[in-house]
There are 2 protein chains.
Amino acid sequence: MADTYRCVTLARFVDGLPGPDDFNIETRQVPEPGDGEVLVRNIYASLDPGGRTRLSGGVSYIPPLALGDVAGGFNIGQVVKSNNTGFSTGDLVVGAFGWSEMGLSNGRGYFAKIEDWDLPLSAWIGVLGIPGLTAYFGLKRVAGIGAGETALVTSAAGMVGATAAQIAKILGCRVIGVAGGSVKCAWLRDELGLDAVIDYKTAGDLSTAINETAPEGIDILFDNVGNRFVDAILPLMRLNGRIVVSGQIGDYNLATKDIHGIKNTRAFITHRVRMEGLVVFDDRPQFSAAQAEMAAWIKAGKLIYREKIYEGIECAPQAFRDMFEGTYFGRHLVRLAPEP
Amino acid sequence: MADTYRCVTLARFVDGLPGPDDFNIETRQVPEPGDGEVLVRNIYASLDPGGRTRLSGGVSYIPPLALGDVAGGFNIGQVVKSNNTGFSTGDLVVGAFGWSEMGLSNGRGYFAKIEDWDLPLSAWIGVLGIPGLTAYFGLKRVAGIGAGETALVTSAAGMVGATAAQIAKILGCRVIGVAGGSVKCAWLRDELGLDAVIDYKTAGDLSTAINETAPEGIDILFDNVGNRFVDAILPLMRLNGRIVVSGQIGDYNLATKDIHGIKNTRAFITHRVRMEGLVVFDDRPQFSAAQAEMAAWIKAGKLIYREKIYEGIECAPQAFRDMFEGTYFGRHLVRLAPEP
């Protein structure tokens, strides 16, 4: 094993779209695990839109990164040294070490062995990882989804959105996806089999387009985009409609003053709308049960996913920027080491 | 009994603040109740801020009034003729006949005999009526209020707000009231015993003022005002905070384009905030139990209320306007006939 490893750290607080100049690639000494600690070689690191919120130094519930901190993301890795009785050398694990070739864990927090269900390793950082679990608990716990409802998913070709759209279909809903561009929309329609797909880039007025597609109204808005879409869709919500605030990718890179202001709030009273956000770590005790249910859907061919894999840690900053610019879709991963 | 009665009807769709020119006072023939119907002489009619939403002809979940329809409000009345076995001449009832000296009911919908619990008759249209029930179910069902939480109530000197503030106190919360003007604030502090009161007219930046008063943050925002206040308070919400959208008195008289847009929505994710509106008629099956609990609080001196009573139906349009301009506070009623 080499004495050093590389990681990506925050070089300056980010204003607007993040890019390579905002990060440093540092070489660090591989640490020696202390009592109860586990040393991990990371195989994959994820690029997560939600990680953007931690790069600007502002106060949030999740503490912001300080300059020099390793930038965010989740990992799949393999234990290379363990002083923790719960983990052995060679174990495959999920963790939250960020964009880093190595990680050191005390065995607590988001750190767990991968149980082998004959699925590709990368599934554990995507469809069965934080994005997939966000879709699952957003629909099941937050929305309390029921068969026969109409669900609308924004950023439906993204990892969270595509998983949410398929789960809503599996659970018996009529599902409408909103995405940008004909390639994404064709995939949602032809591969995922959504009931309707709207290309917001060509649809003209979004409210009108949705209303034509779903004249019955929307029971569940699973939103990954942010205020502009929420505001446009609020007047279309049905009685007792639920808005799941899953992500705000359209707002993450904006200063508060530039964020679209939601005005159509009368629907909260007239239609008893409920809007609620989630951070899926609150559902941690139920992760295994959810992953088992989703794994069965994957094996049955009902739940599919796309991933884009970059090679090498030095790709992370530019790939993170590309993700916001919408060039690719699906889960964005960086491979840091070959799979064992 | 006279052959005719008076009622206030919508003369034109209202743009901005409603006033006397928007209504007609009509004289109509007293109807003969048909099979199963009940004829009521109204004793009180209420002026309700929420009734504003029905005056502009726009689409809402509650159907808007047509021109010539009797304008909104609830009533206390006495049965003068009944062809319904559930009601007898002389019964005191609550109903929703609007600003009208007489009402005709088929015995369904919001129409019920007043059970005698030794309380002033007008309590049944105020603290035990729709405003008080909105406060009760907004806190109990929508917010799921718990002892030890910090609750902030806006328009706290209004009928809904003052009831909500007192119920939150009774249920063991720290309660902060926001109101406009020193008279209202003194009443909230000295008579209602709230833990803190903020005069939004003199406090300067509302977020700063609230943060100084409640550095621990807000668990429950019980909002009667609308978007501007919600936006200012969102960043102060604690983890798992709940926003009860009870009323939007600050927005009812505005065109959508002029309504303040809510931008501070990041808290929905970071603090798992839940925002939900209510129309209290959804809780109708639980009204009696709620009224019994509140009646006990009133008798124990824990739940007090103010009312302003206007004399005669011709006062309703101007009094309705005055209510929005904030001259008086508490429940606004029009007395249409002497109490029996």
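Per chain, residue numbering runs from 1 following the sequence as it is written. Labels follow written order: the first chain is A, the first ligand is 1, and so on. Two thresholds apply to this predicted model, a pLDDT of at least 70 for residue-level local features and 80 or more for giving and counting side-chain atom pairs, whereas whole-chain, interface and lining totals are computed over all residues.

Draft legend 1. Representation of the overall build of chain A in the model. Only DSSP runs of H or I reaching four residues or more are called helices, and only runs of E reaching two or more are called strands; each is numbered from the N terminus. The helix and strand tally for chain A stands at 8 helices and 15 strands. Seen along its three principal axes, the alpha-carbon backbone of chain A occupies a region of about 60 × 45 × 35 Å. Residues with at least 20 other C-beta atoms within 10 Å of their own are called buried, those with 12 or fewer are called exposed, and the rest are partly exposed. The C-beta atoms themselves are positioned from the backbone. Within the span of chain A, comprising 340 residues, buried residues form 51% of the whole. Of all intrachain contacts in chain A linking residues separated by at least 6 positions in sequence, the fraction that spans at least 24 positions is 67%. A pair of residues counts as a contact when their C-beta atoms, built from backbone coordinates, are within 7 Å of each other.

Draft legend 2. Main features of the pairing of strand S14 (residues 307–311) of chain B. All names here are of chain B. Note: two strands are recorded as paired if DSSP finds a minimum of 2 bridges between them. Note that S14 and strand S15 (residues 331–335) share 5 bridges and pair parallel. Note that in S15 the partner of Glu307 across the bridge is Arg331. What joins S14 to S15 is helix H8 (residues 316–325), and the crossover it makes is right-handed. Whether a crossover is right-handed comes down to one check: with the strands pointing away from the viewer, does the path from the first strand over the helix to the second run clockwise; if it does, it is right-handed.

Draft legend 3. Main features of the packing of helix H1 (residues 130–143) of chain B against helix H2 (residues 159–170) of chain B. Residue and element names in this part refer to chain B. Axis definition: a line fitted to C-alpha atoms, limited for helices to the stretch in contact. Angles are taken between N-to-C directions and run from 0 to 180 degrees. Interhelical geometry of H1 versus H2 gives an angle of 45° and a closest axis separation of 8 Å. When the axis of H1 is compared with that of H2, the two are oblique. Seen from above, H1 lies across H2 with right-handed handedness. Contacts from Pro131, Gly132, Thr134, Ala135, Tyr136, Gly138 and Leu139 of H1 reach H2 at Met159, Val160, Thr163, Ala164, Ile167 and Ala168. In the scheme used here, Gly and all other residues not listed as nonpolar or charged are polar, with Ala, Val, Leu, Ile, Met, Phe, Trp, Tyr, Cys and Pro taken as nonpolar and Asp, Glu, Lys and Arg as charged. Of the residues belonging to the contact of H1 with H2, the class tally is 9 nonpolar, 4 polar and no charged. Orientation categories follow fixed angle ranges, with anything under 35 degrees roughly parallel, anything over 145 roughly antiparallel, 65 to 115 roughly perpendicular, and all other angles oblique. Put simply, a crossing is left-handed when the front helix is turned counterclockwise from the back one by less than a right angle, and right-handed when it is turned clockwise.

Draft legend 4. Representation of the relation of the copies chain A and chain B within the structure. Copies overlap after least-squares fitting; the atoms used are the C-alpha atoms of residues with pLDDT of at least 70 in both. For the match of chain A to chain B, the screw axis carries a shift of 0.0 Å, the RMSD comes to 0.0 Å, and the turn is 180°. Expressed as a symmetry operation, the mapping of one chain copy onto the other fits a two-fold axis. Judged by C-alpha distance, Gly261 of chain A is the residue of chain A that lies nearest the rotation axis, at 1.8 Å. In this assembly the copies share their binding face: 100% of the residues contributing to the interface of chain A also contribute to that of chain B.

Draft legend 5. Structural detail: the packing of H1 of chain B against helix H7 (residues 287–299) of chain B. Residue and element names in this part refer to chain B. As a packed pair, H1 and H7 sit with axes 11 Å apart at the nearest point and diverge in direction by 95°. By the criterion of interaxial angle, the relationship of H1 to H7 is roughly perpendicular. Across from Gly132, Leu133, Tyr136 and Phe137 in H1, the residues of H7 making contact are Phe287, Ala290 and Met294. Of the residues assigned to the contact of H1 with H7, the class counts are 6 nonpolar, 1 polar and no charged.

Draft legend 6. Just the domain arrangement of chain A, in detail. Residues and elements named next belong to chain A. Domain segmentation is taken from an automatic or database assignment of domains. Along its sequence, chain A is carved into domain 1 (4–126 + 306–335) and domain 2 (130–280). For domain 1 and domain 2, the distance between their C-alpha centroids amounts to 28 Å. Taken together, the 13 residues of domain 1 in the interface contact 12 residues of domain 2. For the side of domain 1 that touches domain 2, the class distribution of residues is 5 nonpolar, 6 polar and 2 charged.

Draft legend 7. Here's a closer look at the interface of chain A and chain B. Each partner contributes to the interface: chain A provides 29 residues, whereas chain B provides 29 residues. Elements represented by at least two residues in the side of chain A that touches chain B include exactly strand S12 (237–245), helix H6 (266–270) and strand S13 (274–277) of chain A. Tallied by class, residues from the side of chain A that touches chain B come to 12 nonpolar, 11 polar and 6 charged. Taken together, the 3 bridges between S13 of chain A and strand S13 (residues 274–277) of chain B define a ladder with antiparallel strand orientation. For Met275 of chain A, the partnering residue across the bridge sits in S13 of chain B and is Met275 of chain B.

Draft legend 8. Up close: the environment of Asn75 of chain A. Residue and element names in this part refer to chain A. Tracing the backbone shows Asn75 in strand S4 (residues 75–82). Residues Asn75 and Tyr44, 31 residues apart in the sequence, show an inter-C-alpha distance of 5.3 Å. Each residue touching Asn75, except ones within four places of it in the same chain, is listed here: Asn42, Tyr44, Ala45, Val94, Gly95, Ala96, Phe97 and Gly103.

Draft legend 9. Region of the structure containing the nonpolar core. Within the largest apolar cluster, 214 residues are counted, with the highest numbers of intra-cluster contacts made by Ile233 and Val334 of chain A together with Ile233 and Val334 of chain B. Residues in contact with Val334 of chain A, not counting those within four places in the same chain, are Tyr44, Ala45, Leu47, Tyr310, Ile313, Cys315, Ala316 and Ala319 of chain A. Working definition: the nonpolar core is a set of buried Ala, Val, Leu, Ile, Met, Phe, Trp, Tyr and Cys residues, joined through C-beta atoms within 7 Å.

Draft legend 10. The arrangement of the sheet that holds strand S10 (residues 196–199) of chain B in detail. Here 12 strands make up an open sheet; going across it, the order is S10(A)-S9(A)-S8(A)-S11(A)-S12(A)-S13(A)-S13(B)-S12(B)-S11(B)-S8(B)-S9(B)-S10(B) and the pairing mixed. If you trace the sheet from one side to the other, it starts and ends with strand S10 (196–199) of chain A together with S10 of chain B, each paired once. Neighbour-to-neighbour, the strand axes of the sheet open up by a mean angle of 15°, direction not taken into account. In this structure, strand S8 (residues 150–154) of chain A lies alongside strand S9 (residues 174–179) of chain A, joined through 5 bridges in parallel fashion. Counterpart to Thr154 of chain A in the pairing with S9 of chain A is Val178 of chain A. Along the sheet, helix H1 (residues 130–143) of chain A makes contact with strand S11 (218–223), S12 and S13 of chain A, crossing S12 of chain A at roughly 135°. Across the sheet, H2 of chain B is in contact with strand S8 (150–154), strand S9 (174–179) and strand S11 (218–223) of chain B; its angle to S8 of chain B comes to roughly 170°.

Draft legend 11. Summary view of the confidence of the model for chain A. The predictor reports its confidence for every residue as pLDDT, a score running from 0 up to 100. Per-residue confidence for chain A averages 94 on the pLDDT scale, and 98% of its residues sit at or above 70. Across the assembled chains, the prediction reports ipTM 0.90 with pTM 0.91.

Draft legend 12. Geometry of the environment of Met159 of chain A. With respect to the element layout, Met159 of chain A can be found in helix H2 (residues 159–170). Accessibility expressed as a C-beta count within 10 Å gives 31 for Met159 of chain A, which makes it buried.

Draft legend 13. Inspection of unusual backbone geometry at higher detail. In this model, Asn240 of chain A sits at a positive phi of 60°, which is unusual for a non-glycine residue. Locating Asn240 of chain A in the fold gives a position in strand S12. A positive phi angle, close to 50°, is found at Ser155 of chain B, a residue other than glycine. Structurally, Ser155 of chain B is set in the loop between S8 and H2. The class for Ser155 of chain B is buried, based on 29 C-beta atoms found within 10 Å.

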